[in-house]
2 protein chains.
Amino acid sequence: MVVDQLRETELDRLFQAFADATRRDIVRRVTVGEYTVSGLAGLYAMSFAAVQKHVAVLERASLVTKEKRGREQIVRGNHEGLQKARRLLDEYEAIWRQRVGRIADILAEG
Amino acid sequence: MVVDQLRETELDRLFQAFADATRRDIVRRVTVGEYTVSGLAGLYAMSFAAVQKHVAVLERASLVTKEKRGREQIVRGNHEGLQKARRLLDEYEAIWRQRVGRIADILAEG
DNA sequence: CTGATCTACAACCATTTGGTTGTACAATAG
DNA sequence: CTATTGTACAACCAAATGGTTGTAGATCAG
């Protein structure tokens, strides 16, 4: 085992980041436009600190970036993480289609 | 808020299920071939019960199905869950491309 | 300068997660 | 029948997660 430890923990973080509805919503919003952390915090029925933590999780997963502007912190969507997650699911799809193809072949031969 | 609670918890489970390297490996394997629960358990440096729990998590997320055959339980990949996760990431990709398109338009006009 | 605002972070708490061992039971093998 | 195998599940544990409040430092407004 221990195939590619770095990549694996990276994927752990990515999918973990997606595994929360609030974080998915944040990703959607900051992809479309720009938000400050407190701008985001205003959208959800939870404390500022909670939202701040969610943003930190997304940042660690390379799904958003933060950029300081004065006393504010601008949160933006980051394509990098999204692409990586998508690529993995694409692989799985490909594996699935191969399998379905093999079964079709077997049925065709039988 | 509270957009579509059912779908949201479904997605929570899906991405949570993907957020573990062992579970991702199980999904890959059972998509290619068939495994019993103990067949899978033999592959990893952890107890049978631990692997059994991982399979249960994947089952709840609609990423695998189990079918009893004698005293064995056959685990197979389930396309349903995979498709749902993939569809969401596709949406996000689409949003991203729209945004990039808008920016390109603005630059073209400017 | 002073006060309000934005952010960061620590400390705390309840719940979930990912693992363990042990027990129980059904199905198969001898 | 008996022993073994495959599975399920409960109980337990340490660590992580998702939330809270409180404190403190920067930056901005007046």
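Above: the structure in question.
Peer 1: Talk me through the relation of the copies chain A and chain B; I want residue IDs and the actual numbers.
Peer 2: With an axial shift of 0.0 Å and an RMSD of 0.1 Å, the rotation relating chain A to chain B amounts to 180°. Taken together, the rotation and translation describe the operation of a two-fold axis. Counting the interface residues of chain A, we find that 100% of their copies in chain B are interface residues as well, pointing to one common contact surface.

Peer 1: Please give an account of the protein's contact with DNA strand D that cites residues and values.
Peer 2: Ser47, Lys53 and His54 of chain A together with Ser38 and Gln73 of chain B are the nearest of the 21 residues found near DNA strand D. When the atoms of DNA strand D within 4 Å of the protein are grouped by moiety, sugar and phosphate amount to 62% of the total. A distance of 3.4 Å is found between a phosphate oxygen of DNA strand D and a backbone nitrogen or oxygen belonging to Val37 of chain B. Its residues assigned to classes, the surface near DNA strand D comprises 6 nonpolar, 8 polar and 7 charged.

Peer 1: So what's going on with the packing of aromatic side chains? Residues and values would help.
Peer 2: In the structure shown here, the tally under the stated rule is 5 aromatic pairs over all chains. Within the aromatic cluster, the residues linked to one another by ring pairs are Phe15, Phe18 and Tyr92 of chain A together with Phe15, Phe18 and Tyr92 of chain B. For the cation-ring pair, Arg99 of chain A lies above Trp96 of chain A, with the distance from its terminal atom to the ring centre recorded as 5.1 Å.

Peer 1: I'd like a rundown of the protein's contact with DNA strand C, residues and numbers included.
Peer 2: What surrounds DNA strand C is a group of 21 residues, the closest being Ser38 and Gln73 of chain A together with Ser47, Lys53 and His54 of chain B. Within 4 Å of the protein, the contacting atoms of DNA strand C are drawn from sugar and phosphate to the extent of 61%. Those elements that provide at least two residues to the surface near DNA strand C are helix H3 (37-41), helix H4 (48-60) and strand E3 (72-77) of chain A together with helix H4 (48-60) of chain B.

Peer 1: How would you explain the sheet that holds strand E3 (residues 72-77) of chain B if you had to name every residue and give the values?
Peer 2: Residue and element names in this part refer to chain B. Taken in spatial order, the 3 strands line up as E1-E3-E2 in an open sheet, and their pairing is antiparallel. The open sheet terminates on both sides in strands that have one partner only, identified here as strand E1 (35-36) and strand E2 (64-69). Direction of pairing for E2 relative to E3: antiparallel, over a ladder of 6 bridges. Counted as the bridge partner of Lys66 is Val75 from E3.

Quick notes on the rules
- Residues numbered from 1 in each chain as written.
- Chains lettered and ligands numbered in written order.
- Predicted model: local features only at pLDDT ≥ 70, side-chain atom pairs only at ≥ 80, totals over all residues.
- Heavy atoms only, no water.
- Least-squares fit on C-alpha atoms with pLDDT ≥ 70 in both.
- Contact = heavy atoms within 4.5 Å.
- Near = heavy atom within 4 Å.
- Polar contact = N/O pair within 3.5 Å; in protein donor to acceptor, adjacent residues only side chain to side chain.
- Nonpolar A, V, L, I, M, F, W, Y, C, P; charged D, E, K, R; others polar.
- Phe/Tyr/Trp six-rings, centres within 6.5 Å; stacked < 30°, edge-to-face > 60°.
- Lys NZ or Arg CZ within 6 Å of the ring centre and 35° of its normal.
- Helix = DSSP H or I, 4+ residues; strand = E, 2+ residues; numbered from the N terminus.
- Pairing = 2+ DSSP bridges.

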